[in-house]
Amino acid sequence: AQTVTQSQPEMSVQEAETVTLSCTYDTSESDYYLFWYKQPPSRQMILVIRQEAYKQQNATENRFSVNFQKAAKSFSLKISDSQLGDAAMYFCAYRSGEYGNKLVFGAGTILRVKS
Amino acid sequence: KAGVTQTPRYLIKTRGQQVTLSCSPISGHRSVSWYQQTPGQGLQFLFEYFSETQRNKGNFPGRFSGRQFSNSRSEMNVSTLELGDSALYLCASTRGDGPEAFFGQGTRLTVV
């Protein structure tokens, strides 16, 4: 079974600075997807960024980028120029490339942004 | 384009009762997945429906069931509610075989 581990229960960052959230996963599959989701106090899960395992290039979405290390099974999220609106719980998630849309989530990291 | 709609947003039920939650996916999306979120267990996958068929199931007791209609709307039912069923229930909508899943705002269920 696949597992996702987020070892940082909580992180803090100063507004306008950069922060990196860590995620490791365990799988025997070669075809899969990885995601970062953001869950603000409203509780709505918002997709931040996705990475296909077959792609060597790290995904980037505006201020959000990932560092995907397939051999190390590591998938960290870097947030640049942090904004107050980035404060939320962040979840790393794994989806098999095979049948079905089941997501396996990590425990989450609470990100606090200081002004 | 409308997002994923979950109803109701909040529910309070008594132990032993049953409850039905509803999820309307994004138009054109045929896959609906359900997740339970609790402070202790985090986010756990319940089941996925695709074209009215359950094709993935998590490790939950049989009291948790679901179905999907021909218009892709899905319902989740929990029978004989227990205090431990208190949670945020999230529904996710996926176009077909994904990969991106889009979530609704959730239904907060409190069992007293």
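Our subject is the structure that appears above.
Computed from a predicted structure; not experimentally measured.

Basis of the calculations
- Residues numbered from 1 in each chain as written.
- Chains lettered and ligands numbered in written order.
- Predicted model: local features only at pLDDT ≥ 70, side-chain atom pairs only at ≥ 80, totals over all residues.
- Heavy atoms only, no water.
- Helix = DSSP H or I, 4+ residues; strand = E, 2+ residues; numbered from the N terminus.
- Rg over C-alpha atoms; globule rule 2.2 N^0.38 Å.
- Buried < 20%, exposed > 50% of the residue type's maximum accessible area, 1.4 Å probe, protein only.
- Contact = heavy atoms within 4.5 Å.
- Areas by Shrake-Rupley, 256 points an atom, 1.4 Å probe, with all protein chains shown as cover.
- Salt bridge = Lys/Arg side-chain N within 4 Å of Asp/Glu carboxyl O.

Would you explain the overall build of chain B in this entry?
In terms of helices and strands, chain B carries zero helices and 11 strands. Going residue by residue from the N terminus, the α and β elements of chain B occur as β-β-β-β-β-β-β-β-β-β-β. The C-alpha atoms of chain B give 13 Å as radius of gyration, which agrees with the globular expectation for 112 residues (13 Å, within 12%). For the C-alpha atoms alone, the extent of chain B along its principal axes is close to 35 × 25 × 25 Å. Residues classed as buried in chain B amount to 53% of the 112 residues present. Taking the contacts inside chain B whose residues are at least 6 apart along the sequence as the reference set, 53% of them involve residues at least 24 apart. Within the structure as shown, chain B displays about 5200 Å² of accessible surface, and the carbon and sulfur contribution to it stands at 46%.

Would you take a moment to explain the pattern of salt bridges for this structure?
If charged atoms from side chains of opposite charge come close, those side chains can pair. According to the stated counting rule, one finds 11 salt bridges over all chains in the structure shown. One salt bridge connects Arg-63 of chain A with Asp-86 of chain A, and the closest N-O pair in it is separated by 2.8 Å. Placement of Arg-63 of chain A in the loop between β7 (60–61) and β8 (64–69) and of Asp-86 of chain A in the loop between β9 (74–79) and β10 (88–96) is noted, with a sequence separation of 23 residues between them. A salt bridge links Glu-75 of chain B to Arg-73 of chain B; the nearest nitrogen and oxygen atoms lie 3.3 Å apart. Judged by its relative accessible area of 16%, Glu-75 of chain B falls in the buried class. Classification of Arg-73 of chain B as partly exposed rests on a relative accessible area of 24%. If you follow the salt bridges from partner to partner, you end up with Arg-50, Glu-52 and Lys-55 of chain A together with Glu-100 of chain B in one network.

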